[in-house]
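Residues per chain, in single letters:
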Protein chains: 2
Amino acid sequence: MNEIEVFRKYVKESGLRNTPEREVIIEEIFLTHDHFDVDTLYLCLKNKKCSISKASIYRTIPLLIESGLIKEVFFEDGHMHYEHVLGHEHHCHFRCLGCGKIIEFKQDEVLDIEKKFSRSHGFEVTGHKLELFGYCRECLKKEGKDCKVSIVDRVNPN
Amino acid sequence: MNEIEVFRKYVKESGLRNTPEREVIIEEIFLTHDHFDVDTLYLCLKNKKCSISKASIYRTIPLLIESGLIKEVFFEDGHMHYEHVLGHEHHCHFRCLGCGKIIEFKQDEVLDIEKKFSRSHGFEVTGHKLELFGYCRECLKKEGKDCKVSIVDRVNPN
DNA sequence: ATTATTATTGAGAATCTATTGCAATAATAA
DNA sequence: TTATTATTGCAATAGATTCTCAATAATAAT
Ligand SMILES: [Mn+2]
Ligand SMILES: [Mn+2]
Ligand SMILES: [Zn+2]
Ligand SMILES: [Zn+2]
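In this text, all values refer to a predicted model and were calculated from it rather than measured experimentally.

(A) Local environment of the coordination of the manganese ion (ligand 1). All names here are of chain A. Bound to the manganese ion (ligand 1) on the protein side are His35 (NE2), Glu83 (OE), His91 (NE2), His93 (NE2) and Glu104 (OE), at distances that span 1.9 to 2.2 Å. In the primary structure, the donors to the manganese ion (ligand 1) are separated according to the pattern H-x47-E-x7-H-x1-H-x10-E. You can see His91 sitting in the loop between β2 (81–84) and β3 (92–96) and its partner Glu104 sitting in strand β4 (residues 102–105), a full 13 residues away along the chain.

(B) Local environment of the coordination of the zinc ion (ligand 3). Residue and element names in this part refer to chain A. Protein-derived coordination of the zinc ion (ligand 3) comes from Cys96 (SG), Cys99 (SG), Cys136 (SG) and Cys139 (SG), at a distance range of 2.2 to 2.4 Å. Taken together, the four donor atoms surrounding the zinc ion (ligand 3) define angles of 103 to 119 degrees at the centre, an arrangement classified as tetrahedral. If you list the donors of the zinc ion (ligand 3) from N- to C-terminus, the spacing comes out as C-x2-C-x36-C-x2-C. One end of the pair, Cys99, is in the loop between β3 and β4; the other, Cys136, is in the loop between β5 (124–135) and α6 (137–142), and 37 residues separate them in sequence. A relative accessible area of 7% places Cys99 in the buried class. Given a relative accessible area of 0%, Cys136 falls into the buried group.

(C) Quick peek at the protein's contact with DNA strand D. For DNA strand D, the set of nearby residues contains 19 residues, the closest of which are Tyr58(A), Arg22(B), Ser53(B), Ser56(B) and Arg59(B). Of all atoms in DNA strand D that approach within 4 Å of the protein, 67% are sugar or phosphate atoms. For DNA strand D, a phosphate oxygen lies 2.3 Å from a polar atom in the side chain of Tyr58(A). Ser53(B) has a polar side-chain atom sitting 2.7 Å from a phosphate oxygen of DNA strand D.

(D) Representation of helix α4 (residues 54–66) of chain B within the structure. Residue and element names in this part refer to chain B. The end-to-end C-alpha distance of α4 is 19 Å, a good match for the 18 Å that 13 residues give at a rise of 1.5 Å each. Inspection of α4 places Ile57, Thr60, Ile61, Leu63 and Leu64 among the buried residues, and these make up the whole buried set. Against the buried residues of α4 lie α1 (3–13), α2 (20–29), α3 (38–47), β1 (70–72) and β2 (82–84). Positive backbone phi, approximately 75 degrees, marks Gly68, located one or two places after α4.

(E) Expanded view of the relation of the copies chain A and chain B. Mapping chain A onto chain B leaves a residual RMSD of 0.7 Å; the transformation is a rotation of 179 degrees accompanied by 0.5 Å of translation along its axis. Between the two chains, the operation in question is that of a two-fold axis. Across chain A, the rotation axis passes nearest the C-alpha of Leu130(A), at a separation of 2.1 Å. Taken as a fraction of all interface residues of chain A, those also at the interface in chain B reach 94%, which identifies the copy contact as same-surface.

(F) Region of interest: the protein's contact with DNA strand C. With respect to spatial proximity, 17 residues lie near DNA strand C, and among them Arg22(A), Ser53(A), Ser56(A), Arg59(A) and Tyr58(B) are the closest. Taking the atoms of DNA strand C that fall within 4 Å of the protein, sugar and phosphate contribute 66% of them. The contact in question runs from a base nitrogen of DNA strand C to an N or O atom on the side chain of Arg17(B), over 3.1 Å. Within the residue set of the surface near DNA strand C, elements represented by two or more residues are α2 (20–29) and α4 (54–66) of chain A together with α4 of chain B.

(G) Just the domain arrangement of chain A, in detail. All names here are of chain A. Assigned domains of chain A: these are domain 1 (3–84) and domain 2 (92–155). Taking the mean C-alpha position of each, domain 1 and domain 2 sit 24 Å from one another. If you look at the interface, domain 1 gives 15 residues, while domain 2 gives eleven residues. Between domain 1 and domain 2, roughly 1,100 Å² of surface is buried when both sides are summed, and carbon and sulfur atoms account for 48% of that area. The largest per-residue losses of area from domain 1 upon contact with domain 2 belong to Asp34, His35 and Phe75, which jointly make up 46% of the total buried on that side. For the pair domain 1 and domain 2, the interface holds zero salt bridges.

Analysis parameters
- Residues numbered from 1 in each chain as written.
- Chains lettered and ligands numbered in written order.
- Predicted model: local features only at pLDDT ≥ 70, side-chain atom pairs only at ≥ 80, totals over all residues.
- Heavy atoms only, no water.
- Donors = N, O, S within 2.8 Å, 3.2 Å for Na, K, Ca; no water.
- Helix = DSSP H or I, 4+ residues; strand = E, 2+ residues; numbered from the N terminus.
- Tetrahedral: all angles 85-135°; square planar, octahedral: opposite > 155°, others 65-115°.
- Buried < 20%, exposed > 50% of the residue type's maximum accessible area, 1.4 Å probe, protein only.
- Near = heavy atom within 4 Å.
- Polar contact = N/O pair within 3.5 Å; in protein donor to acceptor, adjacent residues only side chain to side chain.
- Expected span 1.5 Å × (residues − 1).
- Contact = heavy atoms within 4.5 Å.
- Least-squares fit on C-alpha atoms with pLDDT ≥ 70 in both.
- Domains from an automatic or database assignment.
- Buried area = accessible area lost by both parts, 1.4 Å probe.
- Salt bridge = Lys/Arg side-chain N within 4 Å of Asp/Glu carboxyl O.

This is the structure we're talking about:
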């Protein structure tokens, strides 16, 4: 079952309604595996001439979260970002301080840290969030210069 | 040299001016070792009858960051939180999803992760932010009940 | 197919918070 | 004391998100 089918099922089972607007939104979101934010998504659809109101986007996102399709990611730039969950294993992020680029990577050692902390404190650790930051290869070359290319993120980080 | 002296020095050397407002702000911030946010700090001073405008608080924080006294920590509840840097080693955080309590812990294994990622990508990693979350012992006992006690954080997490 | 029910939409208003403009004030230097 | 100008507090602004509400449209019932 792909994302769109999962969503349709969720909508149906929640007594909600499938609408063309919602279809357009999720089709766009799951077209790529990129992170996204509301504004970028909104402008993206606007450019494609299938404009959807921001209100509808804002109202669809909680549904996508509740149906387990996306989750919030925090990039500390003043607004919320989201990423895909279905078919995407948990991962960590590296953020380039030069160009804002986000790189995903997997790292099982964090689980050891979780266990260690859990044992030593008697707490239940249900998850973690790890973000590395520094400078990507391109930015190291340019030594401080701005680069605008974004690898997993179509959001322009300003 | 304590925090206040460091700050006075920084202000002087930057061609800025020491003011009673700034003194009040940093005195309050460094009175405890707690994390803090603007609103809590503002209300705290208001209660103590030494009210400072939020604008001044917002304008003082960058100075404190630039002088190496505090740094930004969380963003997850829509606004920024800060913690002390001077005299505080780098550490990670555990956040209790039940009561919002923040526990600090040190963990050198993260440095290995940094190195590993740095080598495999050819990037320069300058830092990391690791946050574990789950349930503290008290919340595990109470099984879902709310507890309001906060250990290192005077911020009420809502 | 028609009708009834009611969830959804879009536009804009409202809200909430971080930031900024500005005139008055006050810290520092001359 | 006076001049200079950084700082302050208030209010205005900006940006993200939520809400209001009348019009619309998806679904179920007939
Ligand atoms: Mn990601
Ligand atoms: Mn801390
Ligand atoms: Zn870069
Ligand atoms: Zn707890």
